[in-house]
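Working through the structure, step by step
Spelled out from the first residue to the last, the chains are:
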Amino acid sequence: MAENDRYLPCQVTPVSNPFDKWFDCIAIVAISIDALDDSLGQIKEALNAQAKIDAAICSGAHVIGCTNTAVIYSATGPVNRDYDDVRRIADAAKAAITRAYKAGRKRPLLILPKESPFPHSFEAGVLGALSAAYVPLEIREARPAQARLIDELGVFFRNKQEESIIPFLAAIESGRLVSRDIGGSDPERMAPPNAAAYVQEVFKDTPIKVDVISNVETIEKDYPLFAAVNRCSKTVSRHNGRIVYLEYVGEGTPEETLLLVGKGVTMDTGGADLKVNGVMRGMHRDKCGAATVAGFFQILSRLRPKNIKVIGGMALVRNSIGTDCYVCDEIITSRAGVRVRVVNTDAEGRMAMSDVLCRMKELAQKEVNPHVMTIATLTGHAVIAVGGSYSCVLDNGPARKVHSARRLQQAGDEIGDLLELSTLRREDYDFVGPETVYEDVRQCNELPSSRTPRGHQFPAAFMIRASGLDKFGIDAENPIRYTHLDIAGSSGLYPHVNPTGAPLPSLAQRYLRDKS
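Position numbers for residues start from 1 in each chain and track the written sequence from start to end. Local features are withheld for residues below a pLDDT of 70 in this predicted model, meaning they are given only at 70 or higher, and side-chain atom pairs are given and counted only at 80 or more; totals for whole chains, interfaces and linings count all residues. By convention in this description, side-chain values take in all heavy atoms of the structure and omit both hydrogens and water.

Side note on the overall build of the protein
- Within the protein, the secondary structure is distributed over 16 helices and 17 strands.
- For this measure, only C-alpha atoms enter the radius of gyration; the expected value for a globule follows 2.2 Å times N^0.38, where N is the number of residues. Since a compact globule built from 516 residues should have a radius of gyration of about 24 Å, the 24 Å found for the protein is in line with a globular shape.
- The dimensions of the protein, computed from C-alpha atoms along their principal axes, are 80 × 45 × 45 Å.
- In the protein, which comprises 516 residues, the share counted as buried stands at 58%.
- Pairs of residues are marked as contacts when any of their non-hydrogen atoms sit within 4.5 Å. Sequence-distant contacts in the protein: of pairs separated by 6 or more residues, those separated by 24 or more amount to 78%. Numbering of helices and strands runs from the N terminus; a helix is a DSSP stretch of H or I covering at least four residues, while a strand is a stretch of E covering at least two. Summary of the burial criterion: residues with accessible area below 20% of their type's maximum are buried, those above 50% are exposed, and those between are partly exposed, where the area comes from a 1.4 Å probe applied to protein chains only.

Structural notes on the packing of helix α5 (residues 160-184) against helix α6 (residues 192-202)
- To obtain an axis, a line is fitted to C-alpha atoms, over the contacting stretch when the element is a helix, and the angle between two such axes runs from 0 to 180 degrees between their N-to-C directions. It is the contact of α5 with α6, at a shortest axis distance of 11 Å, that shows an interaxial angle of 160 degrees. When the interaxial angle is binned, α5 and α6 end up roughly antiparallel. As for the relative orientation of α5 and α6, their crossing is right-handed in sense. Along its contact with α5, which presents Leu177, Val178, Asp181 and Ile182, the element α6 presents Tyr198, Val199 and Val202.
- Considered class by class, the residues forming the contact of α5 with α6 number 6 nonpolar, no polar and 1 charged. Geometric relationships in this document are graded by angle, where less than 35 degrees denotes roughly parallel, more than 145 denotes roughly antiparallel, 65 to 115 denotes roughly perpendicular, and other angles denote oblique. Each crossing gets its handedness from the near helix: less than a right angle anticlockwise from the far helix is left-handed, clockwise is right-handed. In this classification, Asp, Glu, Lys and Arg are treated as charged, Ala, Val, Leu, Ile, Met, Phe, Trp, Tyr, Cys and Pro as nonpolar, and every other residue, Gly included, as polar.

A look at the packing of aromatic side chains
- Each aromatic pair joins two rings of Phe, Tyr and Trp (for Trp, the six-membered one) with centres within 6.5 Å, and gets the label stacked for planes under 30 degrees apart, edge-to-face for over 60, and tilted for any other angle. For the structure shown, the criterion picks out 1 aromatic pair.
- A centroid spacing of 4.4 Å and a plane angle of 50 degrees characterise the contact between Phe431 and Phe458, whose relative ring orientation is tilted. With Phe431 in helix α14 (residues 426-431) and Phe458 in helix α15 (residues 458-467), this pair connects stretches of sequence that are 27 residues apart.
- In this structure Phe458 comes out as buried when scored by relative accessible area, which is 2%.

What about helix α3 (residues 121-131)?
- Among the 11 residues of α3, 11 are classified as buried, and the element is accordingly described as predominantly covered.
- All of the buried residues in α3 are Ser121, Phe122, Glu123, Ala124, Gly125, Val126, Leu127, Gly128, Ala129, Leu130 and Ser131.

Description of a nonpolar patch on the surface
- A surface patch of nonpolar side chains, amounting to about 240 Å² of accessible area, comprises Leu274, Val276 and Ile321.
- In this fold, Val276 is placed in the loop between β9 (256-268) and α9 (288-303). Patch membership is restricted to residues that have no salt bridge and whose relative accessible area is over 30%. Joining uses 9 Å for like charges and 5 Å for the nonpolar side chains Val, Leu, Ile, Met, Phe, Trp and Tyr. Each accessible area value is a Shrake-Rupley result obtained with a 1.4 Å probe; residue values ignore everything except the protein chains displayed when judging cover. Salt bridges are counted wherever a side-chain nitrogen of Lys or Arg sits within 4 Å of a carboxyl oxygen of Asp or Glu.

Structural notes on the side chain of Arg510
- In this fold, Arg510 is placed in helix α16 (residues 504-511).
- Under this rule, positive means Lys or Arg and negative means Asp or Glu; His and the chain ends count for nothing. For the buried Arg510, no salt bridge exists, and the shortest N-O distance to an oppositely charged side chain is 5.0 Å, to Glu256.
- Leaving out residues up to four positions away in the same chain, Arg510 has contacts with Arg407, Leu408 and Ala411.

Looking at the confidence of the model for the protein
- Known as pLDDT, the predictor's per-residue confidence is scaled from 0 to 100. Mean pLDDT over the protein: 96, with 99% of residues reaching 70 or higher.
- No element of the protein has a lower mean pLDDT than strand β3 (residues 60-66), at 91, and none a higher one than strand β13 (residues 370-376), at 99.

As for helix α10 (residues 348-364)
- With 17 residues, α10 extends 24 Å between its outermost C-alpha atoms, agreeing within 8% with the 24 Å of an ideal straight helix rising 1.5 Å per residue.
- The buried count for α10 comes to 15 of 17 residues, which makes it a mostly enclosed element. By this rule, a helix spans an expected 1.5 Å times one less than how many residues it contains.

Focus on the pairing of β13
- Within β13, 7 of the 7 residues are buried, which leaves it mostly tucked inside the rest of the structure.
- In this analysis, strands are considered paired if DSSP registers two or more bridges between them. Sheet topology note: the β13/strand β17 (residues 481-486) ladder contains 6 bridges and is parallel. What sits directly across from Thr374, in β17, is His484.

Some words on the pattern of salt bridges
- Under the criterion given, the structure shown has 30 salt bridges.
- The residue Lys263 makes a salt bridge to Glu348 at a minimum N-O spacing of 3.5 Å. Note that Lys263 is positioned in strand β9 and Glu348 in helix α10, a separation of 85 residues in sequence. Just as Lys263 is buried, Glu348 falls in that class too.

Digging into the pairing of strand β10 (residues 308-319)
- Taking burial as the measure, the 12 residues of β10 include 12 buried ones, the bulk of the element.
- Bridge count for strand β8 (residues 242-249) against β10 is 8 bridges, and the pairing is antiparallel. Residue pairing for β10: Tyr248 is matched across the bridge by Val310.
- Orienting the strands away from the viewer, one traces the path from the first strand over the helix to the second; a clockwise path indicates a right-handed crossover. Taken together, β9, α9 and β10 constitute a β-α-β crossover, and its handedness is right-handed.

Side note on unusual backbone geometry
- Residue Pro495 is bonded to the preceding Tyr494 through a cis peptide linkage, with omega at 0 degrees.
- Turning to its location among the elements, Pro495 is positioned in the loop between β17 and α16.
- Between Ala502 and the following residue, Pro503, the backbone shows a cis peptide bond with an omega angle of 5 degrees.
- Inspection of the secondary structure puts Pro503 in the loop between β17 and α16.
- Its identity as a non-glycine residue notwithstanding, Asp205 has a phi of 60 degrees, on the positive side.
- In this structure, Asn277 takes a positive phi of about 60 degrees despite not being glycine.
- Mapping Asn277 onto the fold places it in the loop between β9 and α9.

A closer look at the sheet that holds β8
- The 8 strands lie next to each other as β7-β8-β10-β9-β13-β17-β14-β15, forming an open sheet whose pairing is mixed. In this open sheet, the two edge strands, each paired with only one partner strand, are β7 (209-213) and β15 (419-421). When strand polarity is set aside, the average angle formed by the axes of neighbouring strands in this sheet is 20 degrees.

Section: the packing of helix α2 (residues 87-102) against α3
- Where α2 meets α3, the axes come as close as 7 Å, and the angle between the chain directions of the two elements is 35 degrees. Here the hand of the crossing between α2 and α3 comes out right-handed. When α2 is examined against α3, the residues Ile89, Ala90, Ala93, Lys94 and Ile97 are found in contact with a partner set consisting of Ser121, Ala124, Gly125, Gly128, Ala129 and Ser131.
- For the contact of α2 with α3, the per-class residue count stands at 6 nonpolar, 4 polar and 1 charged.

In structure tokens:
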């Protein structure tokens, strides 16, 4: 197996023969039986015969016996309506592989539609199939015999272009596995020190540089907003916060520098503004933003793209409640020198990220063509606004001027990792303005974001101001592009959806494709 294959859910093998005997079943994804390749004539006949006695063959995933092997047929359903998108292909591929392992098959050969209305349906289909194969880290560790649902995924390719893109897709899946491991594991397995150790292990002997900040005095001096959230946890060594910096420098002269900040709240109790009535459940997933950052660096580690530099920051902290937790009404001066009035301790994610964002702002001023991003499961409002399957993305002025969010949305549309555009408005900046002469900004309001108008937009305005990024808008001599992604829904709503790894496919499609 390849060097990094332990960070894949299964081996991924390009295959040119659709009847390769090594594989123990054929998993066919098709828009219709009639649309199958002529080379699959015998299978086509068997499916047509089955359709005469069972119309259900045209929807869902089904097993039939044919060509001396099992055949999984998974129909996409219609793909030509106003509201259809490439996820029709991805969903059918996921259903096919799920049906394959339920049938006891360990080496399925995936065959995707020869033609579809979506130019990148091959990519979406492969990623959909791989998403079905993930086994959580804690299961892999506790029950090694159950570490894999399938051993190998064969991917049938029809041309050199399809063959050449398979390593790119395997790299995305490897990044999603790392992201899911961090994002989905329980609050003890991925407490801040353990998450940092996991990251160090992943990137050992790779081109990724890892720097872990754990010293409490350093954190309190250089990251005061983060330190406020960490204050109650620092006395419990296994919960003490970590700030993890990652760096990748590709071969050649950098043409662009990405600076990514991820929210890594390993458990969110709400702090003094305690989450009650069961609302706390699932808050171990509040670290999926930091998990995305780590996952992106895993993609970089495998692809090793040229002419790009990427710096990442993971703000790993537990928002605990106790005698030393931070409380409302406190005023804390940020790394940028901004006096922040705490209003709601359950708005801890923006606190944890803002000083790291400030550090990225400082670094960006010395980098080539910098673009700063925050990625976070930040607000329930994002889920209310766009639903549980979509990321929200919004730009500051310099980023909006060059359509950064829109281009990322387009990349997501291509590969089936969808984002919805939001816009920062003057009301968002007004909302976080000072209420008294004591503070420069207020962190939040007293209500949950889901009950606050513009509840997923104004937190970005807060982070811009608390980090000092507001001094680098379109009116500045040296503007800095900044994009914020709220992945509260798209990362996977607990407990019904496993961590998805969103928005890694869209980020990779936008920034890394064809750079190796």
